[in-house]
Each structure stands twice: as structure tokens, then as C-alpha cells.
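One-letter residues, chain by chain:
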Amino acid sequence: MTDYNCSLAELIINACAEAWRDDGELMATGIGPLPRLGASLAKVSFNPLLQLTDGETYYADAPVPPGKRHAEPVYEGYANYDRVFSTLWGGRRHSMVSPVQLDRFGQANISTIGDRAAPKVAMLGARGFPGNSICHPNSFFIPNHSTRSLVANEVDFVCMAGYNPDRYMNGKPPKGLDLRIIVSDLCVMDFNGPEKGIRVVSLHPGVSFEQVQENTGFELSKASDTLPLTPAPSEAHMALLETLDPNNVRASVLKDNPPAIRD
């Protein structure tokens, strides 16, 4: 076995960062510590034009680490509701979200599990998902890749629009619908399969396509006959992560965060 010299969380952060590689100047929003660190890594490495907020009400000149603050950020501007939502509705935002359920169409659920009238679990509600999904690009992080999160049928409650022709108004997809990548704890996927279907782009070390398919409720395609390994962060990116995450929040996010290894 060859050591990848990074943890699974660090491999995932590096993969999440790729979502924003070619975006240029827009607002990057990573929901949760690993997507947030992915957006931060993208900004300080290959896309310095990205706009990041401090998670509260300001745009900062550099990514603000998750957890305890060791120094006050240098603020570049005020990120009030008007500015944020003008950016969002204008399509100048790319978010990475972590839904509880995702189906083969990319429809996401963060609201209820089970029958809507008598749900087994009630969660956040749809919140901004309906509008966000038709106004700007979206990607996904699935921390526990299983048939419970990537479901066989339609999600229990559709909070986010996807590539489902049966739900299109007037037979056409929403103009702003743009689903990019899915990063999970097993692989990286995108929506460039047949008819916008989900396909596997790369496998994390030690994971097979068969294992990914077994843990997915719908049929997947492959981006290539021989799927590559998900790239490990470079030494430079690993050094940047020490600065971006001085509290080492990344180490405690996943239930199991082993070293990323290669057969």
C-alpha cells in the first residue's frame, strides 16, 4: 500500500475545491466545514477571484477559518441581505450543499423523511433550496454515501429542482438550473451522464465502482472505462490547509476519518 499522506477529510476538501476552479469572480458558499474549506482552498490556490464571507455579515479579504478565531479578518465589504441575495438571484453564486437525500435527478431533500403528512423525521424545511436551485450553480457533498442518502426513488420531499422532466413547467427545465458535482466519502460524481444522469468521475483510494453502485439507490454510469483515483492534495495544498484550518476542524467532521490509502 502507498500512503496518500492525507486523511479522507483532506482528500474530500481537495475534491470539493475543484467545484469552483473555473468559476471566476462569484460568491462561493460551502455549507459545512469540508465544503467551506474546499471553497477556501480554491480561493487561496487557483481561483483568487472567489468572494467569501465570514459566515456572518462581511466579505473578508482571506478565508476565515472555521471554529475559534485567532485573529480578526480584514473586511472588504458588507454582506447584508440585499447584497447577498442580489448576487444569488443574479446567478453569481455557486454553493455546495449537503442534503439528507439526493435522487438520480439531483433533486434534494432537507425537509422531511417519510410521508409529508406524518413524517418520520422533520428537519429544516425547504428554506432557500427552491430558489437557489434555479438561480445559480449548485454542487453537493454527501458525507455518508449510502442508499439512504442517494435514494432509489424520488426524494421524500423535493426541496431543490433537478433534471426531472416530469416536474418541468411547460416541458422545459428551469433556466438557471445548473448542477455541477457530487463529492461523497466514496467518490466524485457529476451530472454529465446520458440525459443529465449521474456518473462516477473518480474513486477514492481503496473504493471500487461496484462498491459505489452497491451503496447508491439508482444506476450510475462511468466517465471512463478505467476510473482514476481522486487526486490527493499536493504538498502545497496540505500546507495551505494548516493555515485555513488552524483548529483542525476537518479531523472531527467525518464519523471515521482514516488516512487515505492506495492499493
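As the structure is a prediction and not an experimental result, all values here were calculated from the model.

**Description of the overall build of the protein**
Within the protein, the secondary structure is distributed over six helices and 15 strands. For the protein, whose C-alpha radius of gyration is 18 Å, the value lies close to the compact-globule estimate of 18 Å for 263 residues. Considering only C-alpha atoms, the protein reaches an extent of 50 × 50 × 35 Å along its principal axes. Considering only residue pairs separated by 6 or more positions, the protein has 66% of its internal contacts joining residues 24 or more positions apart. Summing over all exposed atoms, the protein offers an accessible surface of approximately 13,200 Å²; the carbon and sulfur share of this is 50%. Put simply, the protein has 23 plus and 30 minus side-chain charges, and the middle of one group is 5 Å from the middle of the other.

**Remarks on the packing of aromatic side chains**
Per the stated rule, a full pass over the model turns up six aromatic pairs. Grouped by ring-pair contacts, the aromatic residues Y58, Y75 and Y78 constitute a single cluster. Against the face of F46 rests R21, its NZ or CZ located 3.8 Å from the ring centre. Positioned over the ring face of F209 is K222, at 4.8 Å from the centre of the ring.

Reading the values: rules and limits
- Residues numbered from 1 in each chain as written.
- Predicted model: local features only at pLDDT ≥ 70, side-chain atom pairs only at ≥ 80, totals over all residues.
- Heavy atoms only, no water.
- Helix = DSSP H or I, 4+ residues; strand = E, 2+ residues; numbered from the N terminus.
- Rg over C-alpha atoms; globule rule 2.2 N^0.38 Å.
- Contact = heavy atoms within 4.5 Å.
- Areas by Shrake-Rupley, 256 points an atom, 1.4 Å probe, with all protein chains shown as cover.
- Lys, Arg positive; Asp, Glu negative; His and termini not counted.
- Charge placed at Lys NZ, Arg CZ, Asp CG, Glu CD.
- Phe/Tyr/Trp six-rings, centres within 6.5 Å; stacked < 30°, edge-to-face > 60°.
- Lys NZ or Arg CZ within 6 Å of the ring centre and 35° of its normal.

In short, the description is geometric, and any link to function would need to be established separately.
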